[in-house]
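# Descriptive structure summary
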Amino acid sequence: MTTPPGLLAVIDMQHVFADPAGPWAAPRYPEAAAGVRRLLPAFAHRTVFTRFVAPAHPAGAWQAYYDRWPFALQPPDAGLWRLTDEFADRAEVVLDAPTFGKWTPELAARTAPHGRLVLTGVSTDCCVLSTALPAADAGIEVLVVADACAGADDDSHTRALQLLDLYRPLIRVTTVTELLGR
């Protein structure tokens, strides 16, 4: 196994997306989690986990969003926002954001020394996509690991990967095996 360059960002591997009975379930969450687990050893202390959390007071268009999803208006320490158990103990760095995109100043600062951002997590068609595009605009090489991501459904996952791949060479879609050099 090679040691791939870059910072690994594990996007939103939280209970709210893992619960198959929940309204925001990513049906292939277990497969994405397996891909993330395979990558973690190669990135050692170059890993950041993110969490989507609700804002205390939604503003603008977010008001209509939370009118549609009122169950989600819970504080950051609520159980639905916790990282799933398999990742909670492995997360040395956790960055919270009340937005789909996780390309925050904090993530940008952590990525800058590496020059490459490796994205995994959920959902491909929302938070992964919304993180990849502004990172690429900032001049960061972005790799999206297809088999370490999951979408709202299989079709949305596939379409998001196809869309992301249109941004080559700024964004490249890869797999766990390709990234690890096996």
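These notes cover the structure that comes with them. Source: prediction; values computed, not measured.

Definitions and cut-offs
- Residues take numbers from 1 onward in each chain, read along the sequence in its written order.
- Totals for whole chains, interfaces and linings use every residue, but because this is a predicted model, local features are given only for residues with pLDDT of at least 70 and side-chain atom pairs only at 80 or more, for both listing and counting.
- To get the side-chain values, all heavy atoms of the structure are used, and hydrogens and water are removed first.
- Only DSSP runs of H or I with at least four residues qualify as helices, and only runs of E with at least two residues qualify as strands; both kinds are numbered from the N terminus onward.
- Given the number of residues in a helix, its expected span is that number minus one, multiplied by 1.5 Å.
- Polar contact is defined as a pair of N or O atoms within 3.5 Å, subject to the rule that within protein one atom must be able to donate a hydrogen and the other to accept it, and that residues adjacent in sequence are counted only when both atoms are side-chain atoms.
- Any pair of Phe, Tyr and Trp rings, taking the six-membered ring for Trp, is counted once the centres come within 6.5 Å. Such a pair is stacked with planes under 30 degrees apart, edge-to-face with planes over 60 apart, and tilted for the rest.
- Burial classes: relative accessible area under 20% of the type maximum marks a residue as buried, over 50% as exposed, and values in between as partly exposed (1.4 Å probe, protein chains only).
- Any residue with relative accessible area above 30% and no salt bridge may belong to a patch, with like charges joined within 9 Å and the nonpolar Val, Leu, Ile, Met, Phe, Trp and Tyr side chains within 5 Å.
- Each accessible area value is a Shrake-Rupley result obtained with a 1.4 Å probe; residue values ignore everything except the protein chains displayed when judging cover.
- Salt bridges, as used here, are contacts in which a Lys or Arg side-chain nitrogen is within 4 Å of a carboxyl oxygen on Asp or Glu.
- Between any two strands, at least two bridges found by DSSP are needed for them to pair.
- By definition, the crossover connecting two strands over a helix is right-handed if that path, from the first strand to the second, turns clockwise as seen with the strands pointing away from the viewer.

If you check helix α7 (residues 154–165), its first and last C-alpha atoms are 17 Å apart, about what twelve residues at 1.5 Å a residue would give, namely 16 Å. Its side-chain oxygen 3.1 Å from the backbone nitrogen of Asp-155, Asp-153 forms the N-cap of α7.

Right, let's get into the packing of aromatic side chains. By the definition in use, this model includes 16 aromatic pairs. A centroid spacing of 5.8 Å and a plane angle of 70 degrees characterise the contact between Trp-24 and Trp-69, whose relative ring orientation is edge-to-face. Taken as a pair, Trp-24 in the loop between α1 (15–18) and α2 (29–43) and Trp-69 in the loop between α3 (61–68) and α4 (85–88) lie far apart in primary sequence, 45 residues in all. Take Trp-24 and Trp-69: they sit in the same class, and that class is buried. Through pairs of rings, three or more aromatic residues link up here, namely Phe-17, Trp-24, Phe-52, Trp-62, Tyr-65, Tyr-66, Trp-69, Phe-71, Trp-81 and Phe-100.

Here we take up a nonpolar patch on the surface. Side chains of Leu-163, Leu-166, Tyr-167 and Leu-170 sit close together on the surface and give an oily, nonpolar patch of about 380 Å² of accessible area. When you line up the elements, Leu-170 lands in the loop between α7 and β6 (171–174). Residue classification places Leu-170 among the partly exposed positions, given a relative accessible area of 40%.

Attention now goes to the pattern of salt bridges. Side chains that carry opposite charge are capable of pairing whenever their charged atoms lie near each other. With the rule as written, the count across this model stands at eight salt bridges. A salt bridge links Lys-102 to Asp-12, with the shortest nitrogen-to-oxygen separation between them at 2.9 Å. In this pair, Lys-102 is assigned in the loop between β3 (94–97) and α5 (105–111) and Asp-12 in the loop between β1 (7–11) and α1, connecting sequence segments 90 residues apart. As far as the burial class goes, Lys-102 and Asp-12 line up, both buried. Residue Arg-159 pairs with Asp-155 through a salt bridge whose shortest N-O separation is 3.2 Å. With a gap of four residues between them, Arg-159 and Asp-155 both fall in helix α7, about one helical turn apart. Look at Arg-159 and you get partly exposed, because its relative accessible area is 48%.

Taking every second residue as pointing to the same face, the buried face of β3 carries Leu-95 and Ala-97, while none of Val-94 and Asp-96 on the other face is buried. Examined bridge by bridge, strand β2 (residues 47–52) and β3 share four bridges and lie parallel to one another. For Thr-50, the partnering residue across the bridge sits in β3 and is Leu-95.

Okay, unusual backbone geometry next. Across the junction of Val-122 and Ser-123, the peptide omega takes the value -20 degrees, indicating a cis bond. By the element assignment, Ser-123 lies in the loop between β4 (116–122) and α6 (124–137). Here the amide bond leading from Arg-168 into Pro-169 is cis, since omega sits at 0 degrees, within 30 degrees of zero. Tracing the backbone through its elements, the reader meets Pro-169 in the loop between α7 and β6. Despite not being glycine, Ala-44 shows a phi value in the positive range, around 35 degrees. Take Ala-44: it is sitting in the loop between α2 and β2.

Attention shifts here to the pairing of β4. The buried count for β4 comes to seven of seven residues, which makes it a mostly enclosed element. Where burial is concerned, the two faces of β4 agree: the one with Arg-116, Val-118, Thr-120 and Val-122 and the one with Leu-117, Leu-119 and Gly-121 are both buried. Of the strand pairs in this sheet, β1 and β4 are connected by five bridges, and their pairing is parallel. Note on β4: the bridge partner recorded for Leu-7 is Leu-117. The sheet contact formed by β4 and strand β5 (residues 141–150) spans six bridges and is parallel. Residue pairing for β5: Val-122 is matched across the bridge by Ala-150. For the segment spanning β4, α6 and β5, crossover handedness is right-handed.

These results come straight from atomic positions and should not be treated as a statement about function.
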